[in-house]
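Report on the structure
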Amino acid sequence: GPLPDPAQQLLHTMRLRWLAQAIGFERLFLKQGRLSCHFVADPQSSYYQGEAFTHVLQFVQTHPRACAMKQKSDKLTLSFENVRSVKEAWERLKPLAVEVPEMVEVEARVLEVGEE
């Protein structure tokens, strides 16, 4: 049978964390419909020279209404408005990943079967 709602929410949260790590985010906050994604704190990190960050920049440039990138001091964040659930956050972040980790895809298929 279908998974109980709290179990589904926990799995969606874990999927979102794995996806965020694959993209290069250190922290995520989903509060009052706003998803805030915090990039690697060290501005000298090799992450900022790599393919994952380049892919995120390309997404931001080609989808200027979907998200907003801001820098305060040395902290770089990417935010999305009108995100109502963890599952919706995952859907919004998925296009930012160069490659979605295999475990995240497996979990997605398990959850989709459980929700039917």
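Now for a look at the structure at hand. (Residues numbered from 1 in each chain as written. Predicted model: local features only at pLDDT ≥ 70, side-chain atom pairs only at ≥ 80, totals over all residues. Heavy atoms only, no water.)

This part takes up the packing of aromatic side chains. According to the stated counting rule, one finds six aromatic pairs in the structure shown. Arranged with centres 4.9 Å apart and planes meeting at 85 degrees, the rings of tyrosine 48 and phenylalanine 53 form a pair that is edge-to-face. We note that tyrosine 48, like phenylalanine 53, is buried. Feature note: the residues Phe25, Phe39, Tyr47, Tyr48 and Phe53 constitute an aromatic cluster, connected by ring pairs. When the ring centre of tryptophan 90 is taken as origin, the NZ or CZ atom of arginine 15, which lies over that ring, is 3.7 Å away. (Phe/Tyr/Trp six-rings, centres within 6.5 Å; stacked < 30°, edge-to-face > 60°. Buried < 20%, exposed > 50% of the residue type's maximum accessible area, 1.4 Å probe, protein only. Lys NZ or Arg CZ within 6 Å of the ring centre and 35° of its normal.)

A separate point is helix H1 (residues 5–23). If you check H1, its first and last C-alpha atoms are 27 Å apart, about what 19 residues at 1.5 Å a residue would give, namely 27 Å. Within H1, burial applies to Gln8, His12, Arg15, Leu16, Leu19, Ala20 and Ile23. Here the buried residues of H1 occupy an arc of 135 degrees about the axis, which is enough to place them on one side. Set apart from the buried face of H1 by more than 90 degrees, the exposed residues are Pro6, Leu10, Arg17 and Gln21. Downstream of H1 by a residue or two, glycine 24 has a phi angle that is positive, lying close to 120 degrees. (Helix = DSSP H or I, 4+ residues; strand = E, 2+ residues; numbered from the N terminus. Expected span 1.5 Å × (residues − 1). Arc of directions from axis to C-beta.)

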